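# Overview (structure and organization)
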Amino acid sequence: MHLVTRTLLSLALFMAFSAGAYEKINWQSKAMTAGKANLTADGFIVSRILDTANFSTEFQMPIELVYDSANTKFSMFGYAWRCPQLESKLFPKPDGADWI
């Protein structure tokens, strides 16, 4: 009986400590701005979160739409518009991830 109690207690402690072991990743893009003015190009940036994709309780990713008046590239939403979460790549690494 003592062995069963010890085993259940060990299992409960392991589950309690491993429940918060995942890393929260901030999926929002971070532009260098002062207010709406773009500091790296001549223009302005407006960013809005459209919604959040809830893949699971541990993985929730905001879907953000960004307008950059200095951007001349064509993306999924047209010229100067982009959605960083849908138009980027994630490369997992042992100590985190690279989001490009």
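Note that this is a predicted model, so its numbers are computed, not measured. (Residues numbered from 1 in each chain as written. Predicted model: local features only at pLDDT ≥ 70, side-chain atom pairs only at ≥ 80, totals over all residues. Heavy atoms only, no water.)

### What about the overall build of the chain?
Assigned secondary structure in the chain consists of one helix and nine strands. Counted from the first residue to the last, the chain has its helices and strands arranged as α-β-β-β-β-β-β-β-β-β. Across the 100 residues that make up the chain, the buried fraction comes to 19%. Considering only residue pairs separated by 6 or more positions, the chain has 23% of its internal contacts joining residues 24 or more positions apart. (Helix = DSSP H or I, 4+ residues; strand = E, 2+ residues; numbered from the N terminus. Buried < 20%, exposed > 50% of the residue type's maximum accessible area, 1.4 Å probe, protein only. Contact = heavy atoms within 4.5 Å.)

### Observations concerning the confidence of the model for the chain
Per-residue pLDDT for the chain has a mean of 75; in total, 65% of the residues score no lower than 70. Of all helices and strands in the chain, the one with the weakest mean pLDDT is helix α1 (residues 2-18) (59), whereas strand β6 (residues 78-79) scores best (89). (pLDDT = per-residue confidence, 0-100.)

### Things to note about the sheet that holds strand β3 (residues 45-54)
Ordered in space as β3-β4-β7, the three strands form an open sheet in which the pairing is antiparallel. Bordering the open sheet on either side are β3 and β7 (81-82), each of which pairs with just one other strand. Judged from the nine bridges that link them, β3 and strand β4 (residues 60-68) form a sheet pairing that is antiparallel. The residue bridging Asn-54 from the neighbouring strand is Gln-60, located in β4. (Pairing = 2+ DSSP bridges.)

### Brief notes about unusual backbone geometry
Phi at Ala-80 is positive, roughly 70 degrees, even though this residue is not glycine. Positionally, Ala-80 belongs in the loop between β6 and β7. Residue Ala-80 is classed as buried on the basis of its relative accessible area, which comes to 8%.

### Looking at the pattern of salt bridges
Per the stated rule, a full pass over the model turns up one salt bridge. Salt-bridge contacts for Asp-98 lead to Lys-93; the nearest nitrogen and oxygen are separated by 2.8 Å. A residue is classified by how much of its surface remains accessible, and Asp-98, at 32% relative accessible area, is partly exposed. (Salt bridge = Lys/Arg side-chain N within 4 Å of Asp/Glu carboxyl O.)

### With respect to the pairing of strand β9 (residues 96-99)
Relative to β9, strand β8 (residues 90-93) runs antiparallel, the two sharing four bridges. Note on β9: the bridge partner recorded for Leu-90 is Trp-99. Between the antiparallel neighbours β8 and β9 lie two residues.

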